[in-house]
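This is what each chain is made of:
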Amino acid sequence: MKLFSGTPLAQFSDQPQKKPRAPRRIEALPEAPETTPVRIVPIPRLAAGGRWRIEAMRSLSEPLLLWFTRGQGRITVGGVTRGFGAHNAIFIPAGCMHGFEMGAQSYGTAVFFGRGTTLDLPTEPQHLRIRDVAPQAELSALIDNVQKELDSGKPGAERAARHHLGLLGVWLERNVAQLGEDGRRPDAARRLARRYAALLERDFKTGKGVADYARELGVTPTHLTRVCNQTCGRSASDLLHDRLIFEARLLLSETRLPVARVSEALGFTSAAYFTRAFQHRTGKTPSAFRRQG
């Protein structure tokens with residue numbers, strides 16, 4: 001399922017681009033806080049803000065664990081899409097591009113470890129299918145213990161919660177060692193898709209196009225698009241535009257930056273180009289989207 005689909009954004013540019021542009025230097029956005037608190041959120045609540053909040057490609061500045069206990073869906077992490085079902089634990093490191101779709105009956109818990117965490121956690125994404133009852137119960141109990149401390153209001157509650165998160169990190173380490181990646185090495189297509197996703201996450205605000213990324217990866221744009229379609233069912237261009245439009249929506253809904261500043265921050269050639277591209281992908285102008293929340 002593609003959240004954003006349609007004609008490539010290039011048709012909206014003010015002038016055709018005949019050769020690659022050098023990355024643009026843009027004014028830095030306001031800095032995010034160095035640390036954020038631990039949070040535990042029911043996964044259905046994440047979807048309450050609209051499908052773009054979970055399905056569009058994005059990354060977080062903190063590690064995230066998704067523990068699905070009911071239902072099924074599809075998740076794309078690092079340019080690779082896999083199905084998930086009940087008792088799947090999916091760990092996503094900070095800065096890793098991802099998005100997921102879930103069925104109406106899906107349920108689970110999202111554990112946000114907080115920006116600036118010093119816990120020992122996996123450095124690569126992990127998709128664990130937990131088939132045995134004992135580790136299922138152990139993970140659920142660890143999450144419950146964190147939630148109880150956060151809800152207690154007692155002195156040292158957040159510190160205690162972080163200790164329980166440390167045990168959750170140990171749970172991840174042990175189960176990754178046993179079950180991580182189903183014991184398989186990713187094939188060439190998945191390795192390329194992950195490299196593209198990492199580059200895209202690093203540079204999507206610079207105005208680079210798919211051809212620029214393909215050149216850096218040492219492949220043709222056609223091959224890169226073929227690989228992305230194979231690994232996640234989306235073209236390389238769709239992944240790039242999806243990531244850009246998600247970030248635009250986030251900046252419009254959660255900051256007061258002028259539309260022109262949002263456009264500049266995301267590497268668009270002009271505010272008019274940004275407005276046309278945003279409206280084509282979402283059906284609303286940036287100003288209308290901001291007014292409607």
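Residues numbered from 1 in each chain as written. Predicted model: local features only at pLDDT ≥ 70, side-chain atom pairs only at ≥ 80, totals over all residues. Heavy atoms only, no water.

Asks: Could you clarify how one ought to interpret empty space enclosed by the protein in this entry?
Replies: Unoccupied space between atoms shows up once a probe the size of one water molecule is rolled over them. In this structure the tally under the stated criterion is 1 cavity of 30 Å³ or more. A volume near 120 Å³ is recorded for the largest cavity. Around the largest cavity, the lining comprises 11 residues; the ones closest to its centre are Val77, Arg82, Pro125, His127 and Arg194. Of all elements in the fold, only strand S3 (73–77), strand S4 (80–84), strand S5 (88–92) and strand S8 (126–129) reach the threshold of two or more residues within the lining of the largest cavity. (1 Å grid on protein atoms, 1.4 Å probe; cavity = no way out; pocket = protein on both sides within 12 Å on 5 of 7 lines; lining within 4 Å. Points joined across faces, edges and corners; volume = space filled by probe spheres on them. Helix = DSSP H or I, 4+ residues; strand = E, 2+ residues; numbered from the N terminus.)

Asks: Explain the packing of aromatic side chains here, please?
Replies: How two aromatic rings sit relative to each other is set out by the distance from centre to centre and by the angle between their planes. Counted according to the given criterion, the structure contains 8 aromatic pairs. Between the aromatic rings of Tyr196 and Tyr213, the centroid separation amounts to 5.6 Å while the plane-to-plane angle is 80°, which identifies the pairing as edge-to-face. You can see Tyr196 sitting in helix H5 (residues 188–203) and its partner Tyr213 sitting in helix H6 (residues 210–217), a full 17 residues away along the chain. Ring plane angle 55° and centroid distance 5.8 Å describe the contact between Phe274 and Phe278, whose orientation is recorded as tilted. Here Phe274 and its partner Phe278 are both found in helix H10 (residues 271–282), 4 residues apart, which amounts to about one turn of the helix. We note that Phe274, like Phe278, is buried. (Phe/Tyr/Trp six-rings, centres within 6.5 Å; stacked < 30°, edge-to-face > 60°. Buried < 20%, exposed > 50% of the residue type's maximum accessible area, 1.4 Å probe, protein only.)

Asks: What should I look at first to understand the pattern of salt bridges in this one?
Replies: Side chains that differ in charge, positive against negative, can pair when their charged atoms come close. Under the definition given, this model contains 11 salt bridges. For Glu201, the salt bridge goes to Arg243, with nearest N and O atoms at 2.7 Å. On the criterion of sequence distance, the pair formed by Glu201 in helix H5 and Arg243 in helix H8 (residues 236–254) is long-range, its members being 42 residues apart. Arg243 gets classed as buried once you look at its relative accessible area, which sits at 2%. Ionic pairing is found between Arg202 and Glu216, a salt bridge with its closest N-O pair at 2.9 Å. Taken together, the positions of Arg202 in helix H5 and Glu216 in helix H6 put the pair 14 residues apart, joining distant regions of the chain. Owing to a relative accessible area of 54%, Arg202 belongs among the exposed residues under this scheme. Beyond isolated ion pairs, a larger network of salt bridges with shared partners links Arg202, Asp203, Lys208 and Glu216. (Salt bridge = Lys/Arg side-chain N within 4 Å of Asp/Glu carboxyl O.)

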